[in-house]
Amino acid sequence: MSTGSQARSRMYIFVAALFVLGLMLAGYYTFFQTPGEINDAPASEVVNPKS
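Now for a quick tour of the structure. (Residues numbered from 1 in each chain as written. Predicted model: local features only at pLDDT ≥ 70, side-chain atom pairs only at ≥ 80, totals over all residues. Heavy atoms only, no water.)

1. Digging into the packing of aromatic side chains
Here is step 1: All told, the structure shown has two aromatic pairs when counted by the stated rule.
Here is step 2: Note on Tyr28 and Tyr29: the rings are 5.4 Å apart at their centroids and 70° apart in plane angle, and the pair reads as edge-to-face.
Here is step 3: Seen in terms of ring centroids, Tyr28 and Phe32 are 5.8 Å apart; in terms of plane orientation they differ by 40°. Their pairing is tilted. Of this pair, Tyr28 and Phe32 are both found in helix α1 (residues 3-32), four residues apart, which corresponds to roughly one turn of the helix.
Here is step 4: In this structure Tyr28 comes out as partly exposed when scored by relative accessible area, which is 40%.
Here is step 5: By relative accessible area, which is 62% here, Phe32 ends up exposed.
Here is step 6: A connected cluster of aromatic rings, assembled from ring pairs, spans Tyr28, Tyr29 and Phe32. (Phe/Tyr/Trp six-rings, centres within 6.5 Å; stacked < 30°, edge-to-face > 60°. Helix = DSSP H or I, 4+ residues; strand = E, 2+ residues; numbered from the N terminus. Buried < 20%, exposed > 50% of the residue type's maximum accessible area, 1.4 Å probe, protein only.)

Structure follows, in structure tokens:
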């Protein structure tokens, strides 16, 4: 096995591991993180808050 093909195969493994890690993180945030509180205030109150 030449050095080039060995480096290529290890790079494929590295990229695949990063891809799997990204999928795991995306799945975690999709299924286990709850969204924050939604503020239904009109845009005018957001720009000029009542104080």
